[in-house]
Amino acid sequence: MVGLLTEYETVIGLEVHVQLQTQSKMFCSCRSDYQAAEANTRVCPVCLGLPGTLPVINRKAVEYTIMTGLALNCRIPGYCKFDRKNYPYPDLMKGYQITQFDMPLAVEGYLELESLVGEGDEAKRRIGITRVHLEEDVAKLQHHLSNSDDTYSLVDVNRSGVPLMEIVSEPDMRSAEEAREYLTTLHAILQYLGVSTANMQDGSFRCDANISIRPKGCEEFGTRSEVKNMNSFRSVYQAIQFEVDRQHQVIESGGRVVQETRGWIEERSVTVSQRSKEQAHDYRYFPEPDLPPLNIDGAWVEELRGFLPELPPHRRERFVSQYSVSDYDARLLTSSKDMADYFENTLERKRQSGTIPAPNLEAFAKSVSNWILGDISRLMNLENGDVASLRFSPDHLFELIGLVEDGSISVTMAKTVLEDAFASGDSPVKIVKEKGYTQISDSASVKTVVAEAIAANPKAVADFMNGKDTATRYLVGQVMKITKGQAKPELVNQLVLESLAELKEKP
Ligand SMILES: [Zn+2]
């Protein structure tokens with residue numbers, strides 16, 4: 001009866017909270033780098049919520065939010081205001097949070113996803129951005145749970161009042177893959193803009209997902225659940241997949257999905273109900289009486305537009321046209337600002353060295369790209385590291401490629417040198433010198449080894465005589481083994497072929 005089963009479509013909308021990298025907090029002059037400080041040392045009467053204090057708007061936070069709105073193709077209304085969202089909770093010092101309710105700083109934008117599958121417009125998907133608004137973060141609670149009576153919670157007010165930007169998408173995503181791609185694209189844009197560290201592990205970039213399913217072709221939305229507590233791209237992906245499966249099961253077993261907030265439990269890979277609609281708060285929003293509404297001057301917005309850095313799509317196109325790297329590689333290279341910078345810094349080092357005429361930069365760029373996307377990425381993943389914390393610098397990569405180009409070492413040796421440099425932090429030139437890595441490139445020495453290999457492997461020679469080409473490769477491998485990888489591969493290949501050809505001519 002498979003044909004009778006309804007086909008469902010997944011509908012996902014994401015809310016992303018981003019801590020802004022301003023020097024001071026949203027409404028007071030406390031420093032906002034709360035993570036580096038001892039608990040409750042970045043506090044003042046304003047962010048402690050003491051009576052009689054007045055908030056002052058952080059101009060930089062407003063500018064960062066407008067810039068983010070512009071980068072997300074939003075309209076910046078000429079007028080906006082702040083509101084109070086009232087709810088009692090121990091992490092909320094004042095008993096209300098200052099946020100923006102119905103007049104946010106940026107509205108009606110979109111984010112273009114360019115999937116790595118497919119090409120051109122076919123691969124493009126636009127995800128609507130409903131709004132980008134500004135609010136303040138809350139204090140941090142530390143729960144100390146135990147089975148005895150000494151269960152308690154601590155409050156650290158350092159985070160209270162840190163500028164928080166919320167980016168709300170339209171329910172335009174149709175799969176966990178698409179949601180993940182939206183997040184990684186948004187994450188890259190924020191890093192390019194330099195408005196946030198956007199570090200997910202430390203909570204600078206947090207995501208809530210609204211998920212529902214509906215019969216395919218149906219216009220109306222199904223009942224959604226909101227999933228919280230995901231602190232990596234991977235957990236967002238897993239939580240969405242879990243939630244979609246759960247809703248399918250509820251509906252197919254004749255039940256109804258209820259509107260609720262669910263939390264992702266990382267250790268068990270499940271979502272659990274936290275709060276149903278009936279328990280939802282009535283926030284009693286009203287305009288913040290202590291802050292003036294903001295008139296956003298068009299000229300100011302244009303000035304900020306002028307400060308926007310080159311964003312990923314443009315940089316990708318430039319990499320293709322300027323350095324002739326493939327579109328696919330350019331997409332990978334520009335997926336993180338740090339990686340794209342690493343690539344260009346290595347090229348810059350080459351330009352400065354003045355060792356090559358400009359047209360040859362393309363060949364060099366291809367090498368750089370291959371190293372970054374290949375072995376460097378592989379080693380970085382093994383260490384769980386990122387480009388920003390790499391000890392192997394663009395200078396080192398420039399050196400390494402130079403050693404291969406001038407024939408000092410083979411590509412195989414270069415890979416060993418790279419691993420060594422990753423572990424020790426030393427420069428490739430120093431490693432090659434100290435460990436005595438050199439390439440044997442004089443014909444006479446290599447020829448002796450080739451003769452030795454041929455004499456030791458009569459079967460391979462016989463195979464060659466019988467027309468088996470693989471025998472050549474085997475003999476080349478033997479020579480490389482004897483020379484511990486130090487013979488120049490092209491030379492070995494050439495000499496093996498020559499020697500075999502000579503043997504064949506002999507009766
Ligand atoms: Zn303060």
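For the structure, see preceding data.
What you see is a predicted model; the values in this text were computed from it and never measured.

Draft legend 1. Main features of the pattern of salt bridges. Following the criterion strictly, the structure yields 43 salt bridges and no others. Between Arg31 and Asp33 there is a salt bridge, and its shortest N-O distance comes to 2.7 Å. The exposure class assigned to Asp33 is partly exposed, which follows from its relative accessible area of 31%. Two residues, Asp83 and Lys81, come together in a salt bridge whose shortest N-O distance is 2.4 Å.

Draft legend 2. Geometry of the coordination of the zinc ion. The protein atoms that coordinate the zinc ion are Cys28 (SG), Cys30 (SG), Cys44 (SG) and Cys47 (SG), at distances of 2.3 to 2.4 Å. Taken together, the four donor atoms coordinating the zinc ion span angles of 101 to 114 degrees at the metal, a pattern that classifies the geometry as tetrahedral. Counting along the primary sequence, the residues that act as donors to the zinc ion give the motif C-x1-C-x13-C-x2-C. For Cys44, a relative accessible area of 17% translates into the label buried.

Draft legend 3. Here's a closer look at the pairing of strand E13 (residues 270-276). Summarising the sheet, strand E12 (residues 260-265) and E13 pair through six bridges and their orientation is antiparallel. For Ile265, the partnering residue across the bridge sits in E13 and is Val270. In sequence, E12 turns back onto E13 through a hairpin of four residues, with Ser269 there showing a positive phi of about 55 degrees.

Draft legend 4. Molecular detail of the environment of Ser427. One can find Ser427 in the loop between helix H10 (411-424) and helix H11 (428-435). By relative accessible area, Ser427 is classed as buried at 18%. It is 9.1 Å that separates the C-alpha atoms of Ser427 and Val417, two residues lying ten residues apart in sequence. Beyond its immediate sequence surroundings of up to four residues, Ser427 is in contact with His396 and Glu399.

Draft legend 5. Local environment of the side chain of Glu260. In this fold, Glu260 is placed in strand E12. Dropping the residues within four chain positions of it, Glu260 is found in contact with Arg224, Ser225, Glu226, Arg246, Ser273, Arg275 and Ser276.

Draft legend 6. Up close: helix H9 (residues 394-405). For H9, with twelve residues, the first-to-last C-alpha span of 16 Å sits near the 16 Å given by 1.5 Å per residue. The set of residues buried in H9 consists of Pro394, His396, Leu397, Phe398, Leu400, Ile401 and Leu403. Buried-residue contacts for H9 involve helix H7 (337-353), helix H8 (361-382), H10 and H11. At the exit of H9 stands Gly407, carrying a positive phi of roughly 80 degrees.

Draft legend 7. Up close: the nonpolar core. One finds Ile66, Ile167, Tyr182, Phe343 and Ile376 to be the most contacted residues of the largest nonpolar core, which totals 102 residues. If you count residues domain by domain, this core takes at least three from each of domain 1 (13-216 + 282-301) and domain 2 (310-435). What Ile376 contacts, discounting residues up to four positions off in sequence, is Tyr342, Trp371, Leu390, Phe392, Leu397, Leu418 and Phe422.

Conventions used here
- Residues numbered from 1 in each chain as written.
- Predicted model: local features only at pLDDT ≥ 70, side-chain atom pairs only at ≥ 80, totals over all residues.
- Heavy atoms only, no water.
- Salt bridge = Lys/Arg side-chain N within 4 Å of Asp/Glu carboxyl O.
- Buried < 20%, exposed > 50% of the residue type's maximum accessible area, 1.4 Å probe, protein only.
- Donors = N, O, S within 2.8 Å, 3.2 Å for Na, K, Ca; no water.
- Tetrahedral: all angles 85-135°; square planar, octahedral: opposite > 155°, others 65-115°.
- Pairing = 2+ DSSP bridges.
- Helix = DSSP H or I, 4+ residues; strand = E, 2+ residues; numbered from the N terminus.
- Contact = heavy atoms within 4.5 Å.
- Expected span 1.5 Å × (residues − 1).
- Core = buried A, V, L, I, M, F, W, Y, C linked by side-chain atoms within 4.5 Å.
- Domains from an automatic or database assignment.

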